Amino acid sequence: IIPVMEANENTSIEFTEAIGELYYQQQNHQQLGLLKMKLFLEYIRNHYHLNTSHLDEALIKKIIAKSQIALDHVKRIFDMHSRMLENSEVSDYLLIEFNRALEYFYDNCK
């Protein structure tokens, strides 16, 4: 008899959630936002095979073409990321809106 093996669990999501919760408890919204952007760019590299070393208009156009998400939505993600880079004090509102924008992207991209 061959024993049934349980499927491996993806613990990277759990790890990310734990790190995010730690940043949120410490009120380090900037670091949490930047971490979420790194994960977003990793998603772009893995799913669309795009080079994300230069965050410019050309990259945004390629993301729009591959994901079929509207221009204004993708630009909004990058604009909020820029605001987080510029300001060490990131508000709860900006972090929540950034998270909502990313969730919308993940839920609706092709």
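These notes cover the structure that comes with them. (Residues numbered from 1 in each chain as written. Predicted model: local features only at pLDDT ≥ 70, side-chain atom pairs only at ≥ 80, totals over all residues. Heavy atoms only, no water.)

**What to know about the layout of surface pockets**
Here comes step 1: A volume near 280 Å³ is recorded for the largest pocket.
Here comes step 2: Along the walls of the largest pocket sit Thr16, Lys36, Leu39, Glu42, Tyr43, Asn46, His47, Asn99, Leu102, Glu103 and Tyr106, which together make up its complete lining.
Here comes step 3: Residue assignment for the lining of the largest pocket shows that the elements contributing at least two residues are α2 (29-48) and α5 (92-108).
Here comes step 4: Sort the elements by how many residues they give to the lining of the largest pocket and α2 lands first, with six residues.
Here comes step 5: Along the lines of polarity and charge, the residues of the lining of the largest pocket split into four nonpolar, four polar and three charged.
Here comes step 6: Glu17, Gly20, Glu21, Tyr24, Leu32, Lys36, Leu95, Ile96 and Asn99 are the residues that line the second largest pocket.
Here comes step 7: Going through the elements one at a time, α1 (11-25), α2 and α5 are the ones with two or more residues in the lining of the second largest pocket. (1 Å grid on protein atoms, 1.4 Å probe; cavity = no way out; pocket = protein on both sides within 12 Å on 5 of 7 lines; lining within 4 Å. Points joined across faces, edges and corners; volume = space filled by probe spheres on them. Helix = DSSP H or I, 4+ residues; strand = E, 2+ residues; numbered from the N terminus. Nonpolar A, V, L, I, M, F, W, Y, C, P; charged D, E, K, R; others polar.)

**Observations concerning the pattern of salt bridges**
Here comes step 1: Inspection of every chain in the model, using the stated rule, returns four salt bridges.
Here comes step 2: For Glu57, the salt bridge identified is with Lys75, shortest N-O distance 3.1 Å. Within this pair, whereas Glu57 is found in helix α3 (residues 57-67), its partner Lys75 is found in helix α4 (residues 71-86), the two being separated by 18 residues in sequence. (Salt bridge = Lys/Arg side-chain N within 4 Å of Asp/Glu carboxyl O.)

**Some details on the side chain of His73**
Here comes step 1: Along the chain, His73 falls in helix α4.
Here comes step 2: A relative accessible area of 12% places His73 in the buried class. (Buried < 20%, exposed > 50% of the residue type's maximum accessible area, 1.4 Å probe, protein only.)

**Here we look at the packing of α4 against α5**
Here comes step 1: Viewed as axis vectors pointing N to C, α4 and α5 meet at an angle of 145°, and their least axial separation amounts to 10 Å. The interaxial crossing formed by α4 with α5 has left-handed handedness. From α4, His73, Val74, Arg76, Ile77, Met80, His81, Arg83 and Met84 reach across to α5, where they touch Leu94, Glu97, Phe98, Ala101, Leu102, Tyr104 and Phe105.
Here comes step 2: When its residues are assigned to classes, the contact of α4 with α5 shows 10 nonpolar, two polar and three charged. (Axes fitted to C-alpha atoms, helices over the stretch in contact; angles between N-to-C directions. Left-handed = near helix turned anticlockwise from the far one by under 90°. Contact = heavy atoms within 4.5 Å.)

**What about the packing of α3 against α4?**
Here comes step 1: Taken N-terminus to C-terminus, the directions of α3 and α4 make an angle of 135°; their axes are 10 Å apart at the nearest point. Judged by the inter-axis angle, α3 sits oblique to α4. With respect to the hand of their crossing, α3 and α4 are arranged in right-handed fashion. Taking contact as the criterion, the partners of Glu57, Leu59, Ile60, Ile63 and Ile64 in α3 are, on α4, Leu71, Val74, Lys75 and Phe78.
Here comes step 2: Here the contact of α3 with α4 is built from residues that sort into seven nonpolar, no polar and two charged. (Parallel < 35°, antiparallel > 145°, perpendicular 65-115°, else oblique.)

**With respect to the nonpolar core**
Note that soluble globular proteins tend to have their nonpolar side chains buried in a common cluster.
Here comes step 1: Ranked by internal contacts, the top residues of the largest apolar core, which has 24 residues, are Phe40, Ile63, Val74, Ile77, Phe78 and Phe105.
Here comes step 2: Residue assignment for this core shows that the elements contributing at least two residues are α2, α3, α4 and α5.
Here comes step 3: Among the elements that take part in this core, α2 stands out by supplying six residues, more than any other.
Here comes step 4: Each residue touching Phe40, except ones within four places of it in the same chain, is listed here: Ile77, Phe78, Leu102, Phe105 and Tyr106. (Core = buried A, V, L, I, M, F, W, Y, C linked by side-chain atoms within 4.5 Å.)

Functional significance is not addressed by these values, which are geometric in nature.
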